[in-house]
Amino acid sequence: MHSNQEAKPQLLWLQGVTCNGNTHSFINLETLPQLLEKFEILYHPILPSTKNLHEIVSLKNSCDILIFEGAYDPVLKRGDTLIKDVIVHYAKEADYIIAAGTCASFGGIFKQSAPQRNSGLVFNENITQGPLMAYKEKIINLSGCPIHPEWLSTILNMILSGYSIPLDSLLRPQELYSSLAHHGCSRNEYFEWKVDAKGFGLKEGCLYYEQGCRAPMTHASCNKILWNGVSSKTRVGTPCFGCTEPEFPRNDNYVTKTNMSIPQDVPLDIPKRAYLSVAGMAKTFHIKRLEGKLIDYKRDN
Amino acid sequence: MARTTKEERKKGIISAALQLFSERGFYITTIPDIAQKVGMSVGNFYNYFGSKDVLAKELLLYISEYLGKNLREINEKEITTKEKIEEIVSMYFRVAKEKPEMIEYFLRVYLSNREVFGSECKGMICVSPFVTEMMIFFDESVSRGDLYNQDFFSAFGLFMGYLGGMVFLFGEDILPEPLSFYEKDITENIYNALKSRS
């Protein structure tokens, strides 16, 4: 009879060029202790592990789930071993390979540290290229900068429960990435009636037209699974940066690119003519309720 | 004799209305005048358009859609920005020449009798099919790096104000030459004014 320890899937968490953001985010998971109980953590840079880094890079083990955080750099070493060799070794016998974060998925911010040689595991921005191409069918990309801890816990629980995990063309789970960051934004009425926010951190206004919000073009669950359980960037009045997409990091954050006042990028898959016609119609009307402040602080109690 | 469809009858009314408004003026032309020209009863006319104001708005949409459709064909051609400007100018002048009642209606009824259009045609919503297509033209031209990125209205005003002005002069028989004579220089002027600055 197998002991409980032997029955648990073995999880290995390795890092490329990283800021540790996805680890930092993950340890905020409210149910972290219960989740970790379900795995044997072979190695994680900060969580209690059954093996140490030197044992891992000796390449004598295998794992069931390989999680990689950070950009892939072919000359990077950890434990004096090229991570290139380490990840290929563990990829062979893993059932699942999870790219945690945009760097591991597409290259992200840390691709920029050596743009010619860094990439994600199987994507280099939006081109299919990377060290684990041979194991592409095992890859799950959880892009985000960082990912929400519940995105990872959701996928790990789906794996544990034996659910199939349908992926999109960028290998991201449709469970989390089929909706847009735009869905569930508390400013939707302002978006509808084209009432633009005139700055950041304001309760009123939509951030799309003047403040560079990428939410209508970005696949993410940020306004459905709230951050820290309470909020999101757009809800507090800072625009979405599109951090789950291959083009991240962008160099036009906070700015909406326009050509003769026409937004360069309109909401995903909406024909530009259709968008302009509807937006033009909405902009014509001035809805008093929507143009005023939500809370009148000056009113005496 | 073939029975005309409702759609064809509607187009017939539109055409007749535009003619009469152009010949006699908007206020002088009455619904019975239009109905008579089309060969239908006044009662039947109201089956197509609820009132003169509704007709006025529908005419505007009709013209905008017509011009918008032509503009879209130009937008979708794989030609340079300057060539597109040339084609837009040419198309606009061709309509002014072959269907003067259309542009006349726009200049002399819409622009000059704002009270007729009231709240039904707030802003640019009744000319949306045309304006949207101009937006697409500007968006692509700036995106390609051909035209200078500026506010939409500065560019739109230059382009359409210029063309409208020329057609107005044409309508007043002030131009000594046919409209086509001016196309080349007008295209150059518009292109030079709007092109990207290095």
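On a predicted model such as this, the values are computed, not experimentally measured, just so you know.

On the side of chain B, 23 residues touch chain A, which itself brings 17 residues to the contact. Roughly 1500 Å² of surface becomes buried between chain A and chain B when both sides are summed, with 60% attributable to carbon and sulfur atoms. Broken down residue by residue, the surface that chain A buries against chain B is led by Met260, Arg273 and Thr284 of chain A, which jointly contribute 48%. In this structure, the connection of chain A to chain B is made through 2 salt bridges. Among the ionic pairs, arginine 273 of chain A bridges to glutamate 133 of chain B, the shortest N-O distance being 2.5 Å.

Here we come to the packing of aromatic side chains. Residues and elements named next belong to chain B. Going through the model one piece at a time under the given rule, you end up with 22 aromatic pairs over all chains. Note on phenylalanine 137 and phenylalanine 159: the rings are 6.1 Å apart at their centroids and 90° apart in plane angle, and the pair reads as edge-to-face. A residue pair is termed long-range when its members are at least 10 positions apart, and phenylalanine 137 in helix α8 (residues 128-143) and phenylalanine 159 in helix α9 (residues 152-171) qualify at 22 residues. When its relative accessible area of 0% is taken as the criterion, phenylalanine 159 is described as buried. Seen in terms of ring centroids, phenylalanine 152 and phenylalanine 156 are 5.1 Å apart; in terms of plane orientation they differ by 25°. Their pairing is stacked. With phenylalanine 152 and phenylalanine 156 both in helix α9 and 4 residues apart, the pair spans about one turn of that helix. Across the pair, phenylalanine 156 and phenylalanine 152 agree in class, each one buried. Through successive ring pairs, a cluster of aromatic residues spans Phe137, Phe138, Phe152, Phe153, Phe156 and Phe159.

Turning our attention to the packing of helix α5 (residues 81-98) of chain B against α9 of chain B. When two helices pack together, you describe them by how their axes are tilted relative to each other and by the distance separating the axes. Residues and elements named next belong to chain B. It is the contact of α5 with α9, at a shortest axis distance of 11 Å, that shows an interaxial angle of 30°. Taken together, the axes of α5 and α9 are roughly parallel relative to one another. Crossing angle aside, the handedness with which α5 passes α9 is right-handed. Taken together, the residues of α9 that come into contact with α5 (itself represented by Ile85, Ile88, Val89, Tyr92, Phe93, Ala96 and Lys97) are Phe159, Met160, Leu163, Gly164, Met166, Val167 and Phe170.

Once that is clear, we can look at the pattern of salt bridges. Enumeration according to the criterion identifies 20 salt bridges over all chains in this entry. Arginine 24 of chain B is paired through a salt bridge with aspartate 33 of chain B; the nearest N and O atoms lie 3.4 Å apart. Note on arginine 24 of chain B: relative accessible area 43%, which makes it partly exposed. Using a relative accessible area of 22% as the deciding quantity, one classes aspartate 33 of chain B as partly exposed. The shortest N-O distance in the salt bridge between glutamate 104 of chain B and arginine 108 of chain B comes to 3.3 Å. Remark: arginine 108 of chain B and glutamate 104 of chain B occur in helix α6 (residues 100-110); sequence separation between them is 4 residues, near one turn of the helix. Judged by relative accessible area, arginine 108 of chain B falls into the partly exposed class, the value being 29%. Linked through salt bridges whose partners overlap, the residues forming this network are Arg214, Arg250, Asp252 and Asp265 of chain A.

Counting 80 residues, the largest nonpolar core has Tyr105, Phe138 and Phe159 of chain B as its most contacted members. Not counting residues up to four positions away in its chain, the partners in contact with tyrosine 105 of chain B are Leu18, Phe21, Ala56, Leu59, Leu60, Ile63, Tyr110 and Phe117 of chain B. In terms of nonpolar packing, the next biggest core, distinct from the first, is built from 34 residues, Leu35, Ile41, Ala100 and Ala220 of chain A among them.

What follows deals with unusual backbone geometry. Residue and element names in this part refer to chain A. In this structure, proline 146 follows cysteine 145 across a cis peptide bond, with omega equal to -5°. On the secondary structure map, proline 146 appears in the loop between β9 (139-142) and α8 (149-160). Omega for the bond connecting phenylalanine 248 with proline 249 falls within 30 degrees of zero, at 5°, which places this linkage in the cis form. With phi around 65°, aspartate 269 is a residue other than glycine that occupies positive phi space. With respect to the secondary-structure elements, aspartate 269 resides in the loop between β11 (262-263) and α12 (272-284). Looking at aspartate 269, the relative accessible area reads 73%, which means it is exposed.

Conventions used here
Residues numbered from 1 in each chain as written. Chains lettered and ligands numbered in written order. Predicted model: local features only at pLDDT ≥ 70, side-chain atom pairs only at ≥ 80, totals over all residues. Heavy atoms only, no water. Contact = heavy atoms within 4.5 Å. Buried area = accessible area lost by both parts, 1.4 Å probe. Salt bridge = Lys/Arg side-chain N within 4 Å of Asp/Glu carboxyl O. Phe/Tyr/Trp six-rings, centres within 6.5 Å; stacked < 30°, edge-to-face > 60°. Helix = DSSP H or I, 4+ residues; strand = E, 2+ residues; numbered from the N terminus. Buried < 20%, exposed > 50% of the residue type's maximum accessible area, 1.4 Å probe, protein only. Axes fitted to C-alpha atoms, helices over the stretch in contact; angles between N-to-C directions. Parallel < 35°, antiparallel > 145°, perpendicular 65-115°, else oblique. Left-handed = near helix turned anticlockwise from the far one by under 90°. Core = buried A, V, L, I, M, F, W, Y, C linked by side-chain atoms within 4.5 Å.

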